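# Secondary and tertiary structure notes
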Amino acid sequence: MNRATLIKLIHVARRELQLDEETYRAVLMKVCADKTSCREMTVPELVRVLHAFQQKGFTVRSKPVLRGVKPASPVAKILAIWQTMHLQGFVQSGDEAALNAWITRTTAKENGGLGVAQLAWLNQDNALAVKVLESLKRWHRRCMLATLPPGTPTESYPRVCQRYEAETRVSS
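All of the points below concern the structure found in this document. (Residues numbered from 1 in each chain as written. Predicted model: local features only at pLDDT ≥ 70, side-chain atom pairs only at ≥ 80, totals over all residues. Heavy atoms only, no water.)

## A look at the overall build of the protein chain
Counting its regular elements, the protein chain contains seven helices and zero strands. Written out in order from the N terminus, the α and β elements of the protein chain read α-α-α-α-α-α-α. Taken over the C-alpha atoms alone, the protein chain extends approximately 70 × 40 × 25 Å along its principal axes. Evaluated residue by residue, the protein chain yields a buried proportion of 35% over its 172 residues. Taking the contacts inside the protein chain whose residues are at least 6 apart along the sequence as the reference set, 47% of them involve residues at least 24 apart. (Helix = DSSP H or I, 4+ residues; strand = E, 2+ residues; numbered from the N terminus. Buried < 20%, exposed > 50% of the residue type's maximum accessible area, 1.4 Å probe, protein only. Contact = heavy atoms within 4.5 Å.)

Spelled out as structure tokens, the structure:
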């Protein structure tokens, strides 16, 4: 974990454990002698402070992925296709950060050079979300066709998906 992330987690721990200023500084001094601020600490010291808060009951939780996404929305479909492409080995990372980077690059062309930075933000612009979805489907289709034996070049996305699934089941 990097320094900034550790400091954020320590501050979240302080808030969740409901420590007042004096108690918080006392814990810092106890863990790292003569240091009363996270800013003064090295990464290993910050890790020790975080561990001390975890022993007092703090648990590190990851952010929920895409709060408030409707199941049949273009945004949900984009996420589902991205994760499928990751499972099929077409993209290296199936996480939201990688998807957001791709969306930023893709929407920059459509949005006057300024890309949409977060998948969830596409909920605000359904037309742009549909364009991103169609772009991702075209890319996924090309990836699948590249691994399949030659077929009809005008096959639809769902048909290519079915053929790919059937082919990968046979070869497994």
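## Examining the packing of helix α2 (residues 21-31) against helix α3 (residues 43-55)
Two numbers describe how α2 lies on α3: the axes approach to 10 Å, and their chain directions differ by 120°. Compared by their axis directions, α2 and α3 come out oblique. Where α2 crosses over α3, the two elements pack in a sense that is right-handed. Residues Tyr24, Val27, Leu28 and Val31 of α2 form the contact with α3, whose own contacting residues are Arg48, Val49, Ala52 and Phe53. Partitioned by chemical class, the residues of the contact of α2 with α3 number seven nonpolar, no polar and one charged. (Axes fitted to C-alpha atoms, helices over the stretch in contact; angles between N-to-C directions. Parallel < 35°, antiparallel > 145°, perpendicular 65-115°, else oblique. Left-handed = near helix turned anticlockwise from the far one by under 90°. Nonpolar A, V, L, I, M, F, W, Y, C, P; charged D, E, K, R; others polar.)

## A few points about the state of the cysteines
Scanning the model with the defined rule gives zero disulfides in all. Looking at Cys143, it has no disulfide partner, and the nearest cysteine sulfur is the one in Cys161, 11 Å off. (Disulfide = S-S within 2.5 Å.)

## Digging into the side chain of Gln88
Mapping Gln88 onto the fold places it in the loop between α4 (74-87) and α5 (96-110). Polar contacts involving the side chain of Gln88 include one to the side chain of His140, which spans 2.6 Å. Those residues in contact with Gln88 that lie beyond four places of it in its chain are His140, Met144, Tyr164 and Glu165. (Polar contact = N/O pair within 3.5 Å; in protein donor to acceptor, adjacent residues only side chain to side chain.)

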